[in-house]
Each structure stands twice: as C-alpha cells, then as structure tokens.
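A closer look at the structure
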Amino acid sequence: MSACEDVRENVKKYYGSRLESSGDLQTSVASCNLSCRPVPRSVTDALSLVHPEVTKRFFGCGLPFPAKLEGCRVLDLGSGSGRDCYAFSKLVGPSGHVTGVDMTEELITASRQYIEYHQKKFGHEKPNITFVQGYMEKLNEAGVQSDSMDVVLSNCVLCLCPDKRAVLQQAYNVLKEGGEMYYSDIYASKVVPDHMKEDAVLWGEGMGGSLFWQDLISLAHSVGFSTPCLVSASQIAIYNCELKAKAGDISYASGTYRLFKLPKGSVLSEATVTYRGTVAEFPDQLDFDSSLCFKKDVAVEVNGEMAAILQRSRFFSDFKIQISDQPESSSASTPQYCHLNPFLLADKLGSSVTQCSKTSK
C-alpha cells in the first residue's frame, strides 16, 4: 500500500467509524464558522432546514457559501454527511444541480438516505442532488466530466488529502472557463514537519496535513488558477493537551479562499468597475473578499486579474466594466501577499475560538 493510500484508509476509519459527531473532534474546526460579515439569510435558512442527523456528523471548518448560486452546477469535494450539499441544493434551486463526492462509504450511504426528505422540504419536483463515492484526486474516475461545473466547493477536506496539487488540478479541470473554486480549509503558520504527517490522529484532525498558507498561492498558480482571494478566517483552538504538545509552535487557522479559472492567455488590463446592485441579497454592496468591497454605483479601480475575473465569471452581468487602453504593467518586485494571510485576518477580526480544553475520548 502506498503512503497516499495509507493516509486515505486512516481518514476513512477516522471519519467513517471513529467520529460519531462533530463534538468528537479535538479541535475547534466545527465551531469556527466566523465570517467577516453577516451571513446571508438565504444561507442560514438553507442550513436550518437540513436534517439534524445530517448536521450531527458535520466536520467542516467554515461557511463556503458564495453569492449567486441559483441555477449553478455545483460540486462539493469531500461532501461527508451531506450538510453543505443539502444547503447548496436549496440555494441552486430546481434549475441547478449539486454533486457531492466523498471517499468514505459510511458517509455516502448516510447522506443518500435524506435525498427524498430534502427534496420535499425544499419543494422540488425532482431531486437536484447526487452523491458519488470517489476520490477528489480522481474526479473523472468518479464520473465528473471536465469543464462541467460552475462552482467547486469544499469544507475542510483538503487538509485530509496528501496530494493537494492533484485535488486543485482536478478542480480546475472540471470547472468551466470562468468557474470558481470557493472553499474553506485548515492552514498552518509554517511548514508541517514529516513526523507530524505520520501521526494518524493529527492527520484526522486536519493538523498533520495542513498546508502552510503561503504555499497555497504558488500551488494555485501552478495549476492555472487566479491568485486566491481570502474571504474569511478564524484561529483554531486545540482542545486536547497531547495534540497541543505535538503541534509545538505551529498555529492553525481556518481560511476561506476563492480561486477562478480564467481563459489561458488572457490579456490582463486594469479596469474601472461599477457594481449594479443586482446580486440577490446584496442590493447595496457586494463584499467580494475580506479586502474588496463593491458598493452600488460607486466606481472602483481593480487590477487586471480582478477585471478578468469579473468579466469571465458568473458575475459578469452584475458589473459595468471599463477596461484600460493599456495592458497591466508587470512589476519587477515580488508581490506581497500579506492580505492573504488567514492568521492576520483572524487577529484583525478577533475571531479566535476560546473554549475550555476537551479531554480525549
């Protein structure tokens, strides 16, 4: 058995049989759903309608619910018990479709039990959701076609996967041009050493396999994605004293990022963009990420990459875009990505989770 297969088997056991509920986790990942701004009513309503047995086995670390999902084809990587999938099912509506992919047979079986329940709950004439057992690194083998998805979402599962480049590449491949990957995950304050990666419990808790946050930027670029946009972040508390000791001086944070698949060879030009106020539930302003806010009828200058994102993505009709006559000038200096640091944002928001230590079961 290869190292990757070994990790997968351990994760399957950890989430398929060892963890009965989110309360069994030894970190605050299931509690750190803090956002920079109020969560839209449509999202809280959709989540409140999900069956309690599905919510009970939710192990996510954020709220990866971007705006404007109605009618979209959505893929949820590591769908688990199906909590987010069922909420997405309501948000995409009867004209959209949600596919959940997970490698754990117990969780796929459990999630499928509630398809009819949620179909009736949401008033859909027919189900708009499918659960597939498969691997995030091999989406085509799981039946997910290339260039078929509008949005790929994920909630705290990349940290459980040993080959993160393969996951990002697969997500990129299945997205349509202009499509978006919007996901939450656990990030480390420095590169996690090999001996921590070999600890099954550390890996199952998302600590052993967490990516050093700066490495996400180069990884995203290497597979073709745009520069990540940081949406929200929270510090993660470790309940278990033994795990805390193993972590040493490494800190962890939950970060939600959005990445876009732009056409290859796009000429990037700076632009002045004006939000029309047309995205549902955001009539006055649209907060694109933690540092970029578009107010209705207020012109904002953006760089070439953001201009291309707004032009090519599902938000193209929501903005008036005036492209500069000159292509964006390339800077010789190394880009600074401090605004993408989830630890700085979590500190700024004061979104650290403070709870008493929890004894190991």
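Analysis parameters
Residues numbered from 1 in each chain as written. Predicted model: local features only at pLDDT ≥ 70, side-chain atom pairs only at ≥ 80, totals over all residues. Heavy atoms only, no water. Pairing = 2+ DSSP bridges. Helix = DSSP H or I, 4+ residues; strand = E, 2+ residues; numbered from the N terminus. Axes fitted to C-alpha atoms, helices over the stretch in contact; angles between N-to-C directions. Salt bridge = Lys/Arg side-chain N within 4 Å of Asp/Glu carboxyl O. Buried < 20%, exposed > 50% of the residue type's maximum accessible area, 1.4 Å probe, protein only.

**Observations concerning the sheet that holds strand E13 (residues 319-323)**
Sheet architecture is open: three strands sit in the order E12-E9-E13, paired in antiparallel fashion. The sheet terminates laterally at strand E12 (299-302) and E13, the two strands that pair on one side only. Along the sheet, successive strands turn relative to each other by an average axial angle of 25°, direction set aside. Relative to E13, strand E9 (residues 271-275) runs antiparallel, the two being bridged by five bridges. Paired with Thr-274 across the strands is Lys-320, a residue of E13.

**Some remarks on the pattern of salt bridges**
When charged atoms on two side chains of opposite charge get close, those side chains can pair. All chains considered together, the criterion is met by 12 salt bridges. A salt bridge links Arg-258 to Glu-180; the nearest nitrogen and oxygen atoms lie 2.5 Å apart. Of the two residues, Arg-258 is situated in strand E8 (residues 252-260) and Glu-180 in strand E5 (residues 175-188); the sequence distance between them amounts to 78 residues. Salt-bridge contacts for Asp-194 lead to Lys-197; the nearest nitrogen and oxygen are separated by 4.0 Å. Taken as a pair, Asp-194 and Lys-197 lie in helix H8 (residues 194-197) at a separation of three residues, close to a single helical turn. Sharing partners across several salt bridges, the network here consists of Glu-180, Arg-258 and Arg-314.

**A look at unusual backbone geometry**
Here Glu-281, not a glycine, exhibits a phi torsion of approximately 75°, which is positive. Residue position: Glu-281 is located in the loop between E9 and strand E10 (285-287). Overall, Glu-281 belongs to the partly exposed group, its relative accessible area being 42%. Within the chain, Asp-297 stands out as a residue other than glycine whose phi angle is a positive 65°. Relative to the elements of secondary structure, Asp-297 occurs in the loop between strand E11 (293-295) and E12. Given a relative accessible area of 58%, Asp-297 falls into the exposed group.

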